[in-house]
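Structural characterization, general
One letter stands for each residue in the lines below.
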Amino acid sequence: MYVSMKGMLRRANEGNYAVMAINCFNIETARAVIEAAQSLRAPVIVNIVQEHMVKHCDSGLIAPIVKELAQRASVEVALNFDHGEDTGLLKKALADGYSSVMVDASSYDLEGNIKMTREIVEFASQFDASVEGEIGCMGASEGDRYTDDDMKTDPDEALRFARETGIDALAISFGSSHGNYPEGFVPAFDFEILKRIKEKTKMPLVLHGGSGSGDDNIRKCVEYGINKINVGCDFMNANVESIKRQLDRDPDINYWVMMHQVEIDSRELVKKYIKLSKSEGKSL
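Our subject in this report is the structure included herewith.

Reading guide: rules and limits
- Residues numbered from 1 in each chain as written.
- Predicted model: local features only at pLDDT ≥ 70, side-chain atom pairs only at ≥ 80, totals over all residues.
- Heavy atoms only, no water.
- Salt bridge = Lys/Arg side-chain N within 4 Å of Asp/Glu carboxyl O.
- Helix = DSSP H or I, 4+ residues; strand = E, 2+ residues; numbered from the N terminus.
- Buried < 20%, exposed > 50% of the residue type's maximum accessible area, 1.4 Å probe, protein only.
- Axes fitted to C-alpha atoms, helices over the stretch in contact; angles between N-to-C directions.
- Parallel < 35°, antiparallel > 145°, perpendicular 65-115°, else oblique.
- Left-handed = near helix turned anticlockwise from the far one by under 90°.
- Contact = heavy atoms within 4.5 Å.
- Nonpolar A, V, L, I, M, F, W, Y, C, P; charged D, E, K, R; others polar.
- 1 Å grid on protein atoms, 1.4 Å probe; cavity = no way out; pocket = protein on both sides within 12 Å on 5 of 7 lines; lining within 4 Å.
- Points joined across faces, edges and corners; volume = space filled by probe spheres on them.
- Expected span 1.5 Å × (residues − 1).
- Arc of directions from axis to C-beta.
- Pairing = 2+ DSSP bridges.
- Phe/Tyr/Trp six-rings, centres within 6.5 Å; stacked < 30°, edge-to-face > 60°.
- Lys NZ or Arg CZ within 6 Å of the ring centre and 35° of its normal.

1. Focus on the pattern of salt bridges
In the structure shown here, the tally under the stated rule is 19 salt bridges. Between Glu76 and Arg11 there is a salt bridge, and its shortest N-O distance comes to 2.7 Å. Linking Glu76 in the loop between α4 (59–72) and β3 (77–84) with Arg11 in helix α1 (residues 6–15), this pair joins segments that are 65 residues apart in sequence. Accessibility assignment for this pair places Glu76 and Arg11 in one class, buried. Linking Lys271 and Glu268 is a salt bridge whose minimum nitrogen-to-oxygen distance equals 3.1 Å. You can see Lys271 and its partner Glu268 sitting in helix α11 (residues 255–277), three residues apart, about one turn around the helix. According to the relative accessible area criterion, Glu268 is partly exposed, its value standing at 46%. Salt bridges here are not isolated pairs; linked through shared partners, they connect Glu111, Arg160 and Glu164.

In structure tokens, the structure reads:
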């Protein structure tokens, strides 16, 4: 069931749950995510971040693969271009078959962000694809450049941005950061900002940087109106840990056998997040 994010996020907004968006970059990671969702009857979003698409698996190659995997599944699967900063790449991904794109024009001022995002919304309409926009700015754990108060989303700007762009989902900044947090560190989320933005926009909202945010934060995000949760690092870490365990047991393991087991092991992390997001059993 290859779909855009429109229907799944609209129902998530109405039903007060979230859909998981997991960062993938090849057939193995995408298949693991889809099979995890299939096992729990959950809708799911396969995210491909711009760097991975450019350096590893371009849109013309990955889109048909994910589309075929989705058509073999009986749950809803969307393919989303995550953090698309290049207009040309965003349009090419849509032409190549992506069912959704996320426009990251957060480096521009508000006017520039609105202009670029609206351009992609208009282009995506011919493909009936969904578009996610971002207002505010996300920090990163690398180099301790965490999200600070100045980077958080202004609720009034969020409302204007949503109205003037026509986006289907809105990514906001309220305390999470991209990357792996130090061991034992849990970010402090500003739930008042989240609640105010939800009250104003009443639209599907997105949490970026879900990895390492802590189960309680994730549950509260869903309670207060987040409808899409992005997870990258935790899923990639689960794949790496599976490889380490297998090599520890058998340094001469066959590569195919190892990669097959990685898919099986990494599904468990996806299933954990699906349950936290309350999307289990929510697929059509």
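2. Brief notes about the packing of helix α5 (residues 87–96) against helix α6 (residues 110–124)
It is the contact of α5 with α6, at a shortest axis distance of 10 Å, that shows an interaxial angle of 20°. One finds that α5 runs roughly parallel with respect to α6. Crossing handedness for the pair α5 and α6: right-handed. On the side of α5, the interface is formed by Thr87, Leu90, Lys91 and Leu94, while α6 contributes Met116, Glu119, Ile120, Phe123 and Ala124. Of the residues belonging to the contact of α5 with α6, the class tally is six nonpolar, one polar and two charged.

3. Describing the layout of surface pockets
One number sums up the size of the largest pocket: a volume of about 780 Å³. What lines the largest pocket is a set of 31 residues, and nearest its centre among them are Val49, Asp82, His83, His178 and Gly179. Breaking the lining of the largest pocket down by element, the ones donating at least two residues are α3 (50–55), β3, β6 (139–140), β8 (177–178), β10 (226–231) and α10 (233–249). Per-element tally for the lining of the largest pocket: the top contributor is α3, with three residues. Here the lining of the largest pocket is composed, by residue class, of seven nonpolar, 17 polar and seven charged.

4. Details of α4
Taking 1.5 Å per residue as the helical rise, α4 with its 14 residues ought to reach 20 Å, and the 20 Å between its terminal C-alpha atoms agrees with that figure. Along α4, the residues that are buried comprise Ser59, Ile62, Ala63, Val66, Leu69 and Ala70. Down the axis of α4, the buried side of the element spans an arc of 135°, and every buried residue falls inside it.

5. Concerning the sheet that holds strand β2 (residues 44–49)
Pairing within the closed barrel is parallel, and its eight strands lie in the order β1-β2-β3-β4-β5-β7-β9-β10. Within this sheet the neighbouring strands show an average axis-to-axis angle of 25°, counted without direction. Bridging between strand β1 (residues 19–23) and β2 involves four bridges; their strand directions are parallel. Looking across to β2, one finds that Asn23 is bridged to Asn47. α1 contacts β1, β2, β3, β5 (130–135), β7 (169–172) and β10 of the sheet and is inclined by roughly 120° relative to β10.

6. Comments concerning the packing of aromatic side chains
Applying the stated criterion to the full structure yields nine aromatic pairs. Between Phe174 and Phe189 the ring centres are 5.2 Å apart and the planes differ by 70°, which places this aromatic pair in the edge-to-face class. With Phe174 in the loop between β7 and β8 and Phe189 in the loop between β8 and α8 (191–201), this residue pair connects regions lying 15 residues apart in the sequence. Phe189 matches Phe174 in its accessibility class, with the two residues each being buried. Among the aromatic residues, those joined into a ring-pair cluster are Phe174, Phe189, Phe191 and Tyr224. Over the ring of Tyr224 we find Lys195; its NZ or CZ atom is 4.8 Å from the centre of that ring. The ring centre of Tyr273 lies 5.6 Å from the NZ or CZ of Lys272, which sits over that ring.

Keep in mind that these numbers describe shape and distance, not what the molecule does.
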